[in-house]
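# Topology and contacts: notes
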Amino acid sequence: MGRPTIYDVAREAGVAASTVSRAYARPGRVNADTAQRIFEAAQRLGYRSGATRQAAPAGGQNAIALVVADVTNPFYGDIIKGAYEAAREAGYQLILSHTNESPKVERQTIEQELAQVDGVVIASSRMTDSALRMVAKQKAVVLLNRIIPEANCVLNDAERGIRRAVEHLASLGHDRITYVAGPETSWSDGVRWRALRKAAAELGVEPRRIGPYEPTVLAGLSAALRVAETDATAVQAYNDQLAIGILKGLGRLGVAVPEQVSVVGFDNIIFDELVEPQLTTIASPLYRMGFTGVQNCIAVSQGAKPSGRPLVLPVRLIVRGSTARARR
């Protein structure tokens, strides 16, 4: 087969070829939802437009800022890769910033970068809604794993993922689940805890919560002692790093995983298959999240109007060795 053409993309996306051309050459002239459908179709087909490598309109900086809470967190690795690839294809630079989980540092960093970039993609922001609105008034903003109406937002379907995890644990006979919470400033943490409580109520499972904790392996090690002191037979951790720390910490305390306590993470980072037992987790489409975030940010910076609805990406439960039937 030859290289895919603009007509192949149009057929795949269900639009006219002229709309595809306009989406690449003048994104501001195409509805954001339609442009997203076109870009996704092009990605599936492997289509590359010459327009994506052209310079930005006059006055543009040809740069997008990507702001992450902790560059050492493996969660952000695939987000950064996806964001970099989308920026490279569009002929933009990607400026990466790390804020060390601090709302103050995040705000200062963004304020310093606004004059140098066409837009900002913020992954797992720790800032307040009002602070984010101020940024969105100044430049194109795309939020990953966060919602405010004033910005284009890309999310994973955390509620569905948590529901699948609770269903999985309930099917194994677990009737008490301890949620090990992430940072207090994390919007995603609140979403996951509410989803767990809702699913638990519907499935007849008792939910409990401990924390907050930093989203790190070391924090998970310290959380393991509190987990061991409860009578829960299953744990849903805020993220994989916490889950891995809990798994290791329980082992040091002589509590067997999964024979005595089942552990579930969230994200599906690279280390999940390197620990023993391998970690059951909710897998997020992290590369696609970063790629889509930068694509949308470029489109908005060139005049596209946000649809007002967040783009919700599907997740899936990956069952590995850290979960097993509850002991009776």
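As the structure is a prediction and not an experimental result, all values here were calculated from the model. (Residues numbered from 1 in each chain as written. Predicted model: local features only at pLDDT ≥ 70, side-chain atom pairs only at ≥ 80, totals over all residues. Heavy atoms only, no water.)

## What to know about helix α9 (residues 217-229)
Our working rule: Each helix corresponds to a stretch of at least 4 residues labelled H or I by DSSP, and each strand to a stretch of at least 2 residues labelled E; elements are numbered beginning at the N terminus. By definition here, a helix of n residues has an expected span of 1.5 Å times n minus one. Values of bend correspond, residue by residue, to the angle between axes fitted over the seven residues ending at that residue and the seven starting there. Residue exposure (1.4 Å probe, protein chains only): buried if accessible area is under 20% of the type maximum, exposed if over 50%, otherwise partly exposed. Any two residues whose heavy atoms approach within 4.5 Å at even a single point are treated as in contact.
The terminal C-alpha atoms of α9, which comprises 13 residues, lie 19 Å apart, in line with the 18 Å expected from a rise of 1.5 Å per residue. The largest bend in α9 amounts to roughly 30 degrees and is located at A223. Those residues of α9 that fall on the buried side of the exposure criterion are A219, G220, A223, A224 and V227. On its buried face, α9 is in contact with β6 (176-180), β7 (206-210), β8 (234-237) and α10 (240-252).

## Things to note about the layout of surface pockets
It is a probe the size of a water molecule, rolled over the atoms, that shows where empty space is left. The following threshold applies: Only protein atoms enter the calculation, which uses a 1 Å grid: trapped sets of points that fit a 1.4 Å probe without letting it out are cavities, open sets showing protein on both sides within 12 Å along at least five of seven lines are pockets, and any residue with an atom within 4 Å of a point is a lining residue. Grid points are joined across faces, edges and corners, and a volume is the space filled by probe spheres set on the points. We call Asp, Glu, Lys and Arg charged. Ala, Val, Leu, Ile, Met, Phe, Trp, Tyr, Cys and Pro are nonpolar, and the rest, Gly among them, are polar.
In this model, the second largest pocket occupies a volume close to 220 Å³. Surrounding the second largest pocket, 16 residues form its lining, D78, D267, N268, I269 and L286 being those nearest its centre. Across the lining of the second largest pocket, the residue classes break down as nine nonpolar, three polar and four charged.

## Some remarks on the sheet that holds strand β4 (residues 140-144)
Operational definition: Whether two strands pair comes down to DSSP finding at least two bridges between them. The axes used here are C-alpha line fits, helices contributing only the stretch in contact, and every angle between their N-to-C directions lies in the interval 0 to 180 degrees.
Pairing within the open sheet is parallel, and its six strands lie in the order β2-β1-β3-β4-β5-β11. Edge positions in the sheet fall to β2 (93-98) and β11 (311-313), since each has one partner strand and no second. Strand-to-strand, the axes of this sheet are offset by a mean angle of 15 degrees, without reference to chain direction. Here strand β3 (residues 119-123) pairs with β4 via five bridges, running parallel. Within the sheet, the bridge partner assigned to V121 lies in β4 and is V142. Packing against the sheet, helix α11 (residues 286-301) makes contact with β1 (63-68), β2, β3, β4, β5 (152-156) and β11, and its axis sits at approximately 160 degrees to β4.

## A look at the nonpolar core
Grouped burial of nonpolar side chains is what soluble globular proteins tend to show. Stated precisely, the cut-off is as follows: To qualify as a nonpolar core, a set must consist of buried Ala, Val, Leu, Ile, Met, Phe, Trp, Tyr and Cys residues joined through side-chain atoms within 4.5 Å.
Ranked by internal contacts, the top residues of the largest apolar core, which has 70 residues, are Y76, V121, L144, V180, I246, L250 and V263. Not counting residues up to four positions away in its chain, the partners in contact with V263 are V235, A243, I246, L250, V257, L279, T280, S322 and T323. Counting residues in hydrophobic clusters, the runner-up holds 17 residues, among them V67, L114, I122 and V135.

## A few points about the packing of aromatic side chains
The line we're drawing: Here the aromatic set is Phe, Tyr and Trp, taking the six-membered ring for Trp, and pairing holds for ring centres within 6.5 Å; pairs whose planes are under 30 degrees apart are stacked, those over 60 apart are edge-to-face, and all others are tilted.
For the structure on display, the rule yields three aromatic pairs. Here Y287 and F291 contribute two aromatic rings whose centre-to-centre distance is 6.2 Å and whose plane-to-plane angle is 25 degrees, an arrangement assigned as stacked. Of the two residues, Y287 and F291 are both situated in helix α11; the distance of four residues between them amounts to about one turn of the helix. Y287 sits in the partly exposed class, given a relative accessible area of 34%. A relative accessible area of 3% means that F291 is categorised as buried.

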